Amino acid sequence: MAATHESETVKHGVDLEAFHEFVEHVTANPEEVQMELGARAPYEGRLFHSLAKVDEYTLGGEEIERETREYTLPLGAWREMEEASGFVDPTDRMEPIEVALAALSGCLNVAVGVTALANDIELEDLETNVRLDFDPRVVLMINDIEDSENTFEDIRVEIEVSGDDLSEEDAEILAEGAKRSPVWNLMHLPHEMEPVVDVQQAIEADD
């Protein structure tokens, strides 16, 4: 873990007193932490390539938008895949699936870290490794949409922790706490989701 200032009231960069006050306040006022999150991905005119952007978000009904949060992710494909499939000037970018796995690993770290904090489990190091086997034939129009469930095997999640006097009971508590991860539940639980294509009319130039 990256070094952070530690004291009796600060652990892993968190003021414990302020954290517990925050939890108590949110418990009594849950509406204040309800959020709407979003992202968008303008296509760049090259197959697979998009410049995804994190959108503004709402917190407790208040929309929050600031320039310093305009994160962008250049998404694309693997250079070897582009080269094999006939792309001109093959490049190498983060593939969206890899970004999703990175988000899952980071979110699991959050859930495990909070679980450790809440249960007085002292962690010196924490690393989450997420891997899966991927068959791209559906997206390449080789297999039918009905075969989508065969695109992936099960996601393999390994969480490595270290610290003094960690027990099997601690490991069980952390494993159960990992399931509090929002991204874990976004991927693991069923959600209603249907793509809607909104056709934009081209703006005609004035004569």
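Residues numbered from 1 in each chain as written. Predicted model: local features only at pLDDT ≥ 70, side-chain atom pairs only at ≥ 80, totals over all residues. Heavy atoms only, no water.

**Notes on helix H4 (residues 168-178)**
Definition in use: A simple rule labels every residue: compare its accessible area, found with a 1.4 Å probe on the protein chains alone, to the largest value its type can have, and call it buried under 20%, exposed over 50%, or partly exposed in between. Only DSSP runs of H or I with at least four residues qualify as helices, and only runs of E with at least two residues qualify as strands; both kinds are numbered from the N terminus onward. The arc in question is formed by the directions pointing from the helix axis toward the C-beta atoms. Only heavy atoms matter for contacts: two residues are in contact if any of them lie within 4.5 Å across the pair.
Buried residues of H4: Asp170, Leu174, Gly177 and Ala178, and no others. For H4, the angular spread of buried residues about the axis comes to 105 degrees, placing them on one side. Exposed side of H4, more than 90 degrees from the buried face: Glu168, Glu169, Glu172 and Glu176 are the residues found there. Close packing links the buried residues of H4 with helix H3 (96-118), strand S10 (156-162) and helix H5 (182-188).

**A closer look at the sheet that holds strand S7 (residues 62-64)**
Applied cut-off: Should DSSP find at least two bridges between two strands, the strands are taken to pair.
Taken together, the three strands give an open sheet; going across it, the order is S3-S6-S7, and neighbouring strands pair in antiparallel fashion. Strand pairing shows two members of the sheet lacking a second neighbour, strand S3 (35-36) and S7, which therefore form its edges. One ladder, built from two bridges, connects S3 with strand S6 (residues 57-59); its direction is antiparallel. Paired with Glu36 across the strands is Thr58, a residue of S6.

**Side note on the packing of H3 against H4**
What counts here: Angles run from 0 to 180 degrees between N-to-C directions of axes, and those axes are lines fitted to C-alpha atoms, restricted for helices to the stretch in contact. To sort the angles, those under 35 degrees are grouped as roughly parallel, those over 145 as roughly antiparallel, those from 65 to 115 as roughly perpendicular, and the leftovers as oblique. Handedness of a crossing is defined here by the sense of rotation of the near helix relative to the far one, left-handed for an anticlockwise turn of less than a right angle and right-handed for a clockwise turn. Under the scheme applied, nonpolar residues are Ala, Val, Leu, Ile, Met, Phe, Trp, Tyr, Cys and Pro; charged residues are Asp, Glu, Lys and Arg; polar residues are all the others, including Gly.
H4 packs onto H3 with a crossing angle of 130 degrees between their chain directions and a minimal axis gap of 8 Å. On the basis of their axis angle, the class for H3 and H4 is oblique. At the point where H3 passes H4, the crossing takes the right-handed sense. Where H3 approaches H4, its residues Leu108, Ala111, Val112, Thr115 and Ala116 are matched on the opposing element by Ile173, Leu174, Gly177 and Ala178. Partitioning the contact of H3 with H4 into residue classes produces seven nonpolar, two polar and no charged.

**Looking at the pairing of strand S9 (residues 125-131)**
Covered by surrounding structure in S9 are Leu126, Thr128 and Val130 only, the residues Asp125, Glu127, Asn129 and Arg131 on the alternate face being uncovered. Sheet analysis places S9 next to S10, joined by seven bridges and oriented antiparallel. Residue Asp125 lies in a different strand from S10, and its bridge partner there is Ser162.

**Details of unusual backbone geometry**
Keep in mind that most residues, glycine aside, have a negative phi and that most peptide bonds are trans. A positive phi is found at Phe48, a non-glycine position, where the angle reads about 80 degrees. Mapped onto the elements of the fold, Phe48 is located in the loop between strand S4 (39-40) and strand S5 (50-54). For Phe48, a relative accessible area of 31% corresponds to the partly exposed category. Residues other than glycine seldom take positive phi values, yet Asp120 does so here, at roughly 55 degrees. When you line up the elements, Asp120 lands in the loop between H3 and S9. With a relative accessible area of 68%, Asp120 lands in the exposed category.

**Brief notes about a nonpolar patch on the surface**
The following threshold applies: Distance thresholds for patches are 9 Å for like charges and 5 Å for nonpolar side chains (Val, Leu, Ile, Met, Phe, Trp, Tyr), applied to residues having over 30% relative accessible area and no salt bridge. To be clear on the numbers: accessible area is Shrake-Rupley with a 1.4 Å probe, and residue cover counts the displayed protein chains and nothing else. By convention in these notes, a salt bridge is any Lys or Arg side-chain nitrogen within 4 Å of a carboxyl oxygen on Asp or Glu.
Among the surface-exposed residues, Tyr43, Leu47, Phe48, Val139, Leu140 and Ile142 lie close enough to one another that they form a single nonpolar patch of about 610 Å² accessible area. Secondary-structure assignment places Leu47 in the loop between S4 and S5.

**Let's talk about the side chain of Thr115**
Condition: Here a polar contact means two N or O atoms within 3.5 Å. Within protein one must be a hydrogen donor candidate and the other an acceptor candidate, and residues neighboring in sequence count only if both atoms are side-chain atoms.
Secondary-structure assignment places Thr115 in helix H3. A distance of 2.7 Å separates a polar atom in the side chain of Thr115 from the backbone oxygen of Ala111. Beyond its immediate stretch of four places on either side in the chain, Thr115 contacts Ile173, Leu174 and Gly177.

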